[in-house]
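Listed below, chain by chain, are the residues.
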Amino acid sequence: KIIARVDVYQSLAMLASENSYVRPVFNDQKIMDIKEGRHGVIEKVMGHGKYVPNDVSIDENSPVVLITGPNMGGKSTYMRQVALIVIMAQIGSFVPAKYANLTIFDQIFTRIGASDDLISGQSTFMVEMLEANNALRFASEKSLILFDEIGRGTATFDGMAIAQAMIEYIASSIKCITLFSTHYHELTFLEEKDLGIKNVHASASIKNDDLVFLYRIKPGRSNKSYGINVAKLARLPDVILNRANVLLEAL
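Presented here is a report on the structure given in the accompanying data block. (Residues numbered from 1 in each chain as written. Predicted model: local features only at pLDDT ≥ 70, side-chain atom pairs only at ≥ 80, totals over all residues. Heavy atoms only, no water.)

### Description of the overall build of the chain
Next up, step 1: For the chain, the helix and strand inventory stands at seven helices and 10 strands.
Next up, step 2: The C-alpha radius of gyration of the chain comes to 20 Å, within 12% of the 18 Å expected for a compact globule of 251 residues.
Next up, step 3: In terms of overall dimensions, the chain has a C-alpha envelope of 65 × 45 × 40 Å along the principal axes.
Next up, step 4: For the chain, with 251 residues in total, the buried portion stands at 43%.
Next up, step 5: Intrachain contacts of the chain at a sequence separation of at least 6 include 68% that bridge at least 24 residues.
Next up, step 6: Put simply, the chain shows about 14,000 Å² of open surface, and 55% of that area lies on carbon and sulfur atoms.
Next up, step 7: A gap of 5 Å separates the mean positions of the 26 positive and 27 negative side-chain charges of the chain. (Helix = DSSP H or I, 4+ residues; strand = E, 2+ residues; numbered from the N terminus. Rg over C-alpha atoms; globule rule 2.2 N^0.38 Å. Buried < 20%, exposed > 50% of the residue type's maximum accessible area, 1.4 Å probe, protein only. Contact = heavy atoms within 4.5 Å. Areas by Shrake-Rupley, 256 points an atom, 1.4 Å probe, with all protein chains shown as cover. Lys, Arg positive; Asp, Glu negative; His and termini not counted. Charge placed at Lys NZ, Arg CZ, Asp CG, Glu CD.)

What follows is the structure, encoded as structure tokens:
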């Protein structure tokens with residue numbers, strides 16, 4: 001046991017030293033302040049200096065963060081990065097950031113990625129609802145909730161309605177720190193309802209009709225999801241892309 005314990009401490013110390021991790025500090029308020037946070041696993045895979053760091057600034061006045069932006073723009077990575085930093089800090093490790101001031105969480109609830117359970121007869125959407133329900137029932141004001149693209153497995157208006165109802169419930173009843181990513185830009189108006197919800201977005205730009213991901217999380221909402229631009233990156237036939245643009249304009 002002693003050797004195993006020393007091995008863990010030595011491994012965390014070496015990781016911190018080799019990767020410029022920082023010692024986190026903790027607060028007893030509902031504050032999460034991370035400067036230049038990184039995803040420790042992804043930055044290792046990408047190589048030194050390639051990962052784009054991001055800040056996180058959440059307080060008790062606006063504990064629910066609504067994240068919009070394009071597919072592959074970095075929304076899910078940003079959420080996972082937050083969860084990893086929290087877990088590492090609470091086991092006593094240094095964390096991949098320039099500075100981290102964190103509250104103590106009692107539980108972390110996540111609904112990220114698509115999965116199904118066909119053996120039990122449960123669709124992707126059903127699994128999504130079950131996992132969301134677990135968070136909504138058991139999270140406390142001191143929990144951390146990470147919801148990624150809730151409602152996308154059903155009809156647009158159904159999904160949007162469920163997503164809005166969940167965000168409103170979390171903000172008004174649970175009141176815990178929550179990161180909620182969505183492509184339903186219609187929901188960004190919730191920031192104006194004085195529920196403690198604020199908008200951020202994964203930034204991107206269009207250059208010569210091509211989509212460029214900036215991987216920076218910035219304040220405010222994204223004005224579009226760039227779905228057709230992402231389809232172009234996947235090299236869908238031009239006739240389909242052109243028709244999709246016409247349909248999008250009509251819609």
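Back to the text.
### Examining the nonpolar core
Next up, step 1: Ranked by internal contacts, the top residues of the largest apolar core, which has 30 residues, are Met 32, Ile 34, Val 95, Leu 144 and Leu 179.
Next up, step 2: Broken down by secondary-structure element, the contributors of at least two residues to this core are strand S2 (32-37), strand S3 (54-58), strand S4 (64-68), helix H3 (75-90), strand S5 (99-103), strand S7 (144-148), strand S8 (177-181) and strand S9 (197-207).
Next up, step 3: The leading source of residues in this core is H3, at eight residues.
Next up, step 4: If we skip the residues at most four places from it in the chain, Ile 34 touches Asn 54, Asp 55, Val 56, Ile 85, Ala 97, Tyr 99, Ala 100 and Leu 102. (Core = buried A, V, L, I, M, F, W, Y, C linked by side-chain atoms within 4.5 Å.)

### Considerations on the pattern of salt bridges
Next up, step 1: One pass over the structure, following the stated rule, counts eight salt bridges.
Next up, step 2: Among the salt bridges present, the one from Asp 33 reaches Lys 35, with a minimum N-O distance of 3.4 Å.
Next up, step 3: Put simply, Glu 149 and Lys 75 hold a salt bridge, and the shortest N to O gap is 3.8 Å. With Glu 149 in the loop between S7 and helix H5 (156-174) and Lys 75 in helix H3, this residue pair connects regions lying 74 residues apart in the sequence. Summarising the burial analysis for this pair, Glu 149 and Lys 75 share the class buried. (Salt bridge = Lys/Arg side-chain N within 4 Å of Asp/Glu carboxyl O.)

### Points about the environment of Ile 174
Next up, step 1: Of note, Ile 174 is situated in helix H5.
Next up, step 2: The sequence separation of Ile 174 and Glu 141 amounts to 33 residues, and the corresponding C-alpha distance is 5.5 Å.
Next up, step 3: For Ile 174, the contacting residues outside a window of four places in its chain are Ala 135, Leu 136, Ala 139, Ser 140, Glu 141, Ile 145 and Tyr 169.

### Description of the layout of surface pockets
Next up, step 1: The calculated volume of the largest pocket comes to roughly 830 Å³.
Next up, step 2: Around the largest pocket, the lining is made up of 26 residues, and of these Ser 225, Tyr 226, Gly 227, Ile 228 and Leu 248 lie nearest the centre.
Next up, step 3: Top element by residues in the lining of the largest pocket is helix H7 (residues 238-250). It accounts for eight residues.
Next up, step 4: Partitioning the lining of the largest pocket into residue classes produces 11 nonpolar, nine polar and six charged.
Next up, step 5: Estimated volume of the second largest pocket: approximately 360 Å³.
Next up, step 6: A breakdown of the residues in the lining of the second largest pocket according to their chemical character gives three nonpolar, five polar and six charged. (1 Å grid on protein atoms, 1.4 Å probe; cavity = no way out; pocket = protein on both sides within 12 Å on 5 of 7 lines; lining within 4 Å. Points joined across faces, edges and corners; volume = space filled by probe spheres on them. Nonpolar A, V, L, I, M, F, W, Y, C, P; charged D, E, K, R; others polar.)

### A few points about the packing of aromatic side chains
Next up, step 1: Per the counting criterion, the structure on display carries two aromatic pairs.
Next up, step 2: Ring geometry for Phe 147 against Phe 180: centres 5.9 Å apart, planes inclined by 70 degrees, an arrangement best described as edge-to-face. Taken together, the positions of Phe 147 in strand S7 and Phe 180 in strand S8 put the pair 33 residues apart, joining distant regions of the chain. Like Phe 147, the residue Phe 180 is buried in the burial classification.
Next up, step 3: Taking the centre distance of 5.9 Å and the plane angle of 35 degrees together, the rings of Phe 213 and Tyr 215 count as tilted.
Next up, step 4: Residue classification places Phe 213 among the buried residues on the basis of a relative accessible area of 15%.
Next up, step 5: A relative accessible area of 38% means that Tyr 215 is categorised as partly exposed. (Phe/Tyr/Trp six-rings, centres within 6.5 Å; stacked < 30°, edge-to-face > 60°.)

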